Structure formats: C-alpha cells, structure tokens
Amino acid sequence: MHAPPLPAPPSAAPARPADWLPSDWRLRAAAQQPEWPDAALLRRVRARLAGTAPLVSPAEVQELRQALARAAHAEAFVVQLGDCAETFETPEFAGTAARVDLLHATARTIGAALHRPVLPIGRIAGQYAKPRSSPTERVGDLLLPSFRGHLVNDPAPDPAARVPDAMRLLRGHAHAREVLALLRELADSGMAMRDAPAGAPAVWTSHEALLLDYEEPLVRRDPLTGSWYLTSTHLPWIGARTCEPDGAHVRFLAGVANPVGVKVGPDTGPEHLAELCARLDPDHQPGRLVLISRMGAAKVRELLPPLVEKVAALGHPVVWVCDPVHGNTYTSGTGHKTRHVDVLGEELTGFFAAVRAARGWPGGIHLEATAADVTECVGGSPEVREGDLPLRYETACDPRLNGAQTAQLAELVARLCAAQ
Ligand code: PEP
Ligand code: CO
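All figures in this text were calculated on a predicted structure; none of them were measured in a lab.

Caption draft 1: Representation of the site of ligand 1 in the model. Every residue near ligand 1 is listed here: Arg123, Lys130, Pro131, Trp237, Gly239, Ala240, Arg241, Lys263, Arg294, His326 and Glu368. The side chain of Arg294 places a nitrogen or oxygen atom 2.7 Å from an oxygen atom of ligand 1. Relative to its unbound accessible surface of 300 Å², ligand 1 loses 98% to contact with the protein. Residues belonging to the shell around ligand 1 are distributed by class as follows: 3 nonpolar, 2 polar and 6 charged.

Quick look at the structure:
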C-alpha cells in the first residue's frame, strides 16, 4: 500500500526560522509547567544549560528526518519504545544495552515481515518529565503534589520531596549525556542497526518536550544553515495534554528543524489536527511530522480514518504511528494502573485497518516497554494476572510491557505488516 501522491499547497502557517525565537513560547499559555519556587535558581540553571555542549548534532537530526521521510513514503517503519519515565539512577552499560536490544529485537521481528528498513527510536536519554491529569495524588493516606518526573521532583511520599527543584534540570541533562555516551559506545561495539557514521548512537533518541524551561536553553542555531535545532534529543514530541495549536509547546517546536511527534487522541478532531499540521509542517515536508495515534482500542477504527484522510488532503506527508498503550490504561482490583496485552493488540489491529481504510501507510508503533520481567501489564504468555501485579511492579510512572509481552505484540505487528 502506498500513500497517495501529495500536492504541496502554499503554506498557511506562521512559524518560520526567520521570525521565530526559542523564547517565543513565553508569550503563549504553557500547560503542565511546574511552579518553580526559586526563580533566581531557575535563571542560573537555564544559563548553565545554555552553556552545555549539544547532546545530539544537526547532522544526526537531519539523518533521522531523511529516514522518517522514507517512512512517510511507505518505505520504512518506526519502532519507538522505552520506559514511560526514565529515572535518575546511575546509567549502566548493561541496562542501556538491554534497552537497545529490546528495540532492535522488536525492529528485527517487524522488519523480517515487512522487508523494509525499521527505524529504532528509544524513549531514552531524556524521558524524565511527566504530564499529570491532576496536580495532586493520593499515596496511602497522604494527599501530595503529583510526581512530575525526576526532572521536576522526587516520587518519595513526602510533601518536601514533591517541591519542584530546578537543580534537577541540570541532573537530568547530565544523566541524558551519560546515557547518550553509552548509546554511542554501544554502536561502536557493534550494536548498530544501520551503517552509522562513527560516534552515532545505537538508536535514535526521543522524549516528550514537556518542560520548556529545560528545552529552550538547549536550542542552538546551526551556523552552516541558520536553522534552529533542539539539541536535547533527535525526536521531541508534544503530548496529548499540551497540544493546543496556539499553546506554548506547539509554538516552541514549530521553529526547530528536528522531526516532531504529536500525540493524537480521541479529542483531536480533524480541524484541530489541521491547525497543528499547519503550524508544525507549513512546508509540507516528508519526515517532519510523526503523528502518534492513541485513541483507545474501542475508538480507533471510527475516529482515525477521517484524520488520516484530512491530513492527506491537506498535503502533509506525515508518518502515522500507533501508541496502543495510553488510550487503554485502567486501574486493577489491586489498585495498580495497568493495561491488558490483548486490548493493546486490538488497538494495533484497529490502527492498521483504519489507516489502510483511509488509503494511508501504517508507519510505526510506540510502546511503553522494558526488557525486564516486570508484572505491570496483564495478559501475555506466561500470563500475568491482576493478582500478580504487586510481584514486580517497578515502573516510575505508567505500566510497561515486559520482554515477553513486547515480543508477542511485535509478532502481531509483523503479521499485520505482512497482511497488506
Ligand atoms: C506518554 O507518552 O508518556 C504520555 C503521557 O502520553 P500521552 O501524552 O499520549 O498521554
Ligand atoms: Co506513559
């Protein structure tokens, strides 16, 4: 199946490098930003971040854009996965290798069925900030400010630990740099998926670009081209809670030359999506936009086709990716946030059907998954039952698929890819 030929109508969108600055977002409403208690400390931290070396280079970012352009043209497939939230635990070579291995194994399973290149993209080396539905959460008898990821506060059940601390922005940056160094060493030791130039990482990196006080100082201008690059990650994405077309996050990512992901949920109608595409992809460039559908298994077949058709009709050559996890989370009888593997499989199956019904290319998957033998999602084989959830429920935020459950869904996706 091939994407229909895409016209390139004249641009309607405002943001261009010429009239965009990394600080523009400050004039817009920014959802999900912590209230940093010490403004002077935040200013010093931002200045320190602005003085750091880029974590990823413009050349790498451009290479990923070109690879994503192939996915937009039905010539490649994206596998994006990793932890819901990374922690500040000291990065270890073995643990990072296991994350890379899981990505590569998933990519190989799908690639063998698809006979096209598969791009491995980790939720890695920067996935430390979490949007929350509520500013407070109950832990036992305590009502606490919500944990917002290690980039903001500490998960310990103590009000003092939950106060946002801007020093964490520096710790997060240092942690990301260490993980990236390991990813580059892994590639040098033979764990690369592609003919990567020396020094390239074993996988591409991605995270939700949520905390704009962290991301803004990491934007740099490429002296060769004059383009702005976000140097904290190869592929930043905009989450479902921060995708207001006139909001700060969209304005911020509109001006950088990176590929940009956007979560597309059940509340994102065709007009909303058209506005997002106009602002984020005014030049109709393949490889610029990755639309990550997270509708829920019950809704994807109905809600997705009109969106795929709308975007194609407007001439945005996007990559459509399925996140089957965030629309299918529920609380178990044991009180754990969880997801059922079979329901995730239903959303994946529905996604392939929906995109194909709209004459599009199902271009990738996005999972929260770990190679470890955790008990956070139910189902799979060996089966995890709700009663097993307390055994090894280790996630820092949302429930992850374990290695066996991930492999099972990879096999399903391979079958879906082969059945085109
Ligand atoms: C996430 O990817 O961790 C996330 C919070 O997703 P969403 O914005 O789609 O809810
Ligand atoms: Co999550």
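What follows picks up the thread again.
Caption draft 2: Here's a closer look at the coordination of the cobalt ion (ligand 2). Each protein donor to the cobalt ion (ligand 2) is listed here as Cys84 (SG), His326 (NE2), Glu368 (OE) and Asp398 (OD); together their distances run 2.0 to 2.6 Å. Donor residues for the cobalt ion (ligand 2), ordered by position in the chain, follow C-x241-H-x41-E-x29-D. Taken together, the positions of Cys84 in the loop between strand S1 (77-82) and helix H3 (93-114) and Glu368 in strand S14 (residues 362-368) put the pair 284 residues apart, joining distant regions of the chain. Glu368 carries the same exposure label as Cys84, and that label is buried.

Caption draft 3: Up close: the nonpolar core. Of all hydrophobic cores here, the largest spans 98 residues; its most connected members are Phe77, Leu291, Leu304 and Trp320. Here the element with the most residues in this core is helix H4 (residues 167-188); it accounts for 8 residues. With residues up to four places along the chain from it excluded, the contact list for Leu291 reads Val262, Val264, Leu273, Cys277, Val311, Val318, Val319, Trp320 and Val321. With 16 residues, the next largest nonpolar core counts Leu64, Leu68, Val78 and Trp237 among its residues.

Caption draft 4: How the structure looks around the confidence of the model for the protein chain. In this model, the protein chain carries an average pLDDT of 94, and 95% of its residues clear a pLDDT of 70 or more. Looking over the protein chain, one finds the lowest element-wise mean pLDDT in strand S3 (residues 136-139), namely 93, and the highest in strand S10 (residues 289-293), namely 99. Across residues 1-14 the pLDDT falls below 50, and counting only partners more than four positions away or on other chains, this stretch makes 30 contacts in the model.

Caption draft 5: Structural context of helix H10 (residues 403-418). Its 16 residues give H10 an end-to-end C-alpha distance of 22 Å, which sits within 8% of 22 Å, the value for a rise of 1.5 Å per residue. Along H10, the residues classified as buried are Gln405, Thr406, Leu409, Ala410, Leu412, Val413, Ala414, Leu416 and Cys417. The elements touched by buried residues of H10 are S1, H3, helix H9 (341-357) and S14.

What counts and what doesn't
Residues numbered from 1 in each chain as written. Chains lettered and ligands numbered in written order. Predicted model: local features only at pLDDT ≥ 70, side-chain atom pairs only at ≥ 80, totals over all residues. Heavy atoms only, no water. Near = heavy atom within 4 Å. Polar contact = N/O pair within 3.5 Å; in protein donor to acceptor, adjacent residues only side chain to side chain. Areas by Shrake-Rupley, 256 points an atom, 1.4 Å probe, with all protein chains shown as cover. Nonpolar A, V, L, I, M, F, W, Y, C, P; charged D, E, K, R; others polar. Donors = N, O, S within 2.8 Å, 3.2 Å for Na, K, Ca; no water. Helix = DSSP H or I, 4+ residues; strand = E, 2+ residues; numbered from the N terminus. Buried < 20%, exposed > 50% of the residue type's maximum accessible area, 1.4 Å probe, protein only. Core = buried A, V, L, I, M, F, W, Y, C linked by side-chain atoms within 4.5 Å. Contact = heavy atoms within 4.5 Å. pLDDT = per-residue confidence, 0-100. Expected span 1.5 Å × (residues − 1).

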